[in-house]
Amino acid sequence: MTDAIFPVSDEWAKNALIDDATYLEKYQRSIDDPDGFWREEAQRIDWIEPFHTVKDTSYDKDDFHITWFEGGTLNIAANALDRHLAKRGDQIAIIWEPDDPSEEGRTLTYRELHAEVCRFANVLKANRVNKGDRVTIYLPMVPEAAIAMLACARIGAVHSVVFAGFSPDALAGRIEDCQSNIVLTADEGLRGGKPIPLKANVDAACEKVSVDTVIVLKRTGADVPVIAGRDVDWAEAMAASSEDCPPEVMDAEDPLFILYTSGSTGKPKGVLHTTGGYAVWTSMTQEYVFDYQPKADGSMPVYWCAADVGWVTGHSYVVYAPLFNGATQVMFEGVPNYPDHSRFWNVIDKHQVEIFYAAPTALRALMREGDEYVTKTSRKSLRLLGSVGEPINPEAWDWYHRVVGERRCPIVDTWWQTETGAAMITPMPGATALKPGSATRPMFGVKPAILDPEKGTVLEGATQGALVITDSWPGQMRTVYGDHERFFDTYFSQYPGYYFTGDGCRRDEDNYYWITGRIDDVINVSGHRMGTAEVESALVAHELVSEAAVVGMPHDIKGQGIYAYVTTNAGVEDSEELRAELVKWVRKEIGPIATPDVLQFAPGLPKTRSGKIMRRILRKIAENDTSNLGDISTLADPGVVDDLVANRGS
Ligand code: WTA
């Protein structure tokens, strides 16, 4: 299976925007003449003032800077909405599909979306939000999430979307880090038929950090307390607001958004993206990766990216890029297995979706339920499938291809990161012969390299090592909010002169790239990034815990699961009740996505004499690969290893 190659069909090669020859030629040009290449590609965006310099970047410590399209001014919301009105005003932009299929959905045309965004932009202004201010968005997958993000972009405010599954503590930390004075939320969210107490979470977060304003959308109509002087009703504010809101003129390098993501150390980092480069980069990749172009009759194919706006995929491939490109897209509030395991495929049939983009973890969960849930649906509209967020194992790839796509739909396995803004290594359906499990070849303008992880030397040809990117691309993050030094240290200090991705990678004899997963202390749980350090600090925050070490473990559905080793305080009895209590504690501290899959009580952790925990050993035990633990003679107390192996959890 892993050796299988799926060539591009004649039909795709003939009709797609990019065929193989065009890919090779354009790629070469993007590397040989980045200035000329990007000057042309940047024309896809409407600039108010044209830029004078395409690219001015350096990864050198002494001269570290990343600037694209200097001198250019633009407005993102005007690019997503206003410029489409003349031609596409009555075209549907968003088809909203609610959690419960029996509830009526909603559609918004470009004209309607434009009006809502302008109105909400005025609501923000009326609540004293100015250009440059940070706005925290903690909303479910409803059109208002996109409206709020675009409204921020319209007035030059910087949004910080916090995934609606995060806990009050995690939310408070993010509000505090970016000093945001306003939170946009809903009474409750709905996922898989279950309410999520968003407003209550915001109220709890606001006990730790103070904000001036909370604007509350009614989603379920739940009875939630209103705090006078602070809480504003969304609908009332909208009703009192005008539709006239000229877009703010933004510099290419003005901040667009902050999105917190987990790293190998410390608390989550506020990844900051700016305006001009992000617009060009997301729009270009969405067009080429999904071959997004008008159909023969002039209409736009229905596109559906199933990611939540709380993650970067939801930013780039739900809110921004599709709207830049005049798409008609589905926005989905629900989950893949509610009301049953056919939901994705039913939604595809209902809205005649042609392009579908999802995460492998969802596919693996559905695959396990049997083919019947898929095969009883039509899926005739589907032409192209996408995968993102984690490595897709060949079995899941095969199922997606054979059962879901009935062998007629290519699969674009797109590798990228919150930091990279959009797809970096990815097939293009009319150009790239596919190999299941490989993200294949670089996007235009991207120069990947594989380094020897220890020596940092460049490895040529078919090889395996640490994945780095040589040189900058327009949608690269520009800083860690409030901590530029951390930005340099995290990504550019390990291998000087390169952007280090944190991923391991293999390159085969056809120059195809295969991402092998994180090689730092980040684990990828169901396509969501989790820093082991974050889970550890949540555990040690419990009064009965003295020490914790967290590693990833293989997991059939989630890709990776969370394995926690916990040392309790002297005199504490390690009981099943305490185990359950600690698991619950982590959920409360961070959110359900951080729930440990295994929690093993460890009277001692394997430490070197200098006190450093040897994670290699903990990983091996978690993987149940204890036959070869390597050299443990440097441990302060090698005896702890036997105890850990003997009491391995499952
Ligand atoms: C992993 C999500 C293999 C990778 C867009 C990366 C992938 C991390 C793929 C970023 C893929 C993402 N194949 N691995 N197609 N896509 N990853 O920031 O480890 O949430 O570093 O961005 O997900 O996760 P993030």
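Presented here is an overview of the structure given in this document.

Analysis parameters
Residues numbered from 1 in each chain as written. Predicted model: local features only at pLDDT ≥ 70, side-chain atom pairs only at ≥ 80, totals over all residues. Heavy atoms only, no water. Buried < 20%, exposed > 50% of the residue type's maximum accessible area, 1.4 Å probe, protein only. Helix = DSSP H or I, 4+ residues; strand = E, 2+ residues; numbered from the N terminus. Pairing = 2+ DSSP bridges. Phe/Tyr/Trp six-rings, centres within 6.5 Å; stacked < 30°, edge-to-face > 60°. Axes fitted to C-alpha atoms, helices over the stretch in contact; angles between N-to-C directions. Parallel < 35°, antiparallel > 145°, perpendicular 65-115°, else oblique. Contact = heavy atoms within 4.5 Å. Nonpolar A, V, L, I, M, F, W, Y, C, P; charged D, E, K, R; others polar.

Topic: the pairing of strand E25 (residues 498-507)
No. 1: Most of E25 sits out of view: nine of its ten residues are buried.
No. 2: Summarising the sheet, strand E23 (residues 463-470) and E25 pair through seven bridges and their orientation is antiparallel. The residue of E25 that forms the bridge with valine 468 is phenylalanine 500.
No. 3: Judged from the five bridges that link them, E25 and strand E26 (residues 513-518) form a sheet pairing that is antiparallel. What sits directly across from cysteine 505, in E26, is isoleucine 515.
No. 4: Joining the antiparallel neighbours E25 and E26 is a turn of five residues, in which asparagine 511 adopts a positive phi near 65 degrees.

Concerning the packing of aromatic side chains
No. 1: Here the structure, examined in full by the defined rule, presents 47 aromatic pairs.
No. 2: Taking the centre distance of 4.9 Å and the plane angle of 90 degrees together, the rings of phenylalanine 37 and tryptophan 38 count as edge-to-face. As far as burial versus exposure is concerned, phenylalanine 37 and tryptophan 38 are alike and both buried.
No. 3: With a centroid separation of 5.5 Å and 75 degrees between ring planes, the pair formed by tryptophan 473 and tyrosine 499 is classed as edge-to-face.

Remarks on the packing of helix H3 (residues 34-41) against helix H11 (residues 276-289)
No. 1: Across the interface, H3 lies against H11 with an axial gap of 10 Å and an inter-helix angle of 80 degrees. Here H3 lies roughly perpendicular to H11, going by the angle between them. Taken together, the residues of H11 that come into contact with H3 (itself represented by Phe37, Trp38 and Glu41) are Val280, Trp281, Met284 and Tyr288.
No. 2: Grouping the constituent residues of the contact of H3 with H11 by class yields six nonpolar, no polar and one charged.

This is a description of form; function is not addressed.
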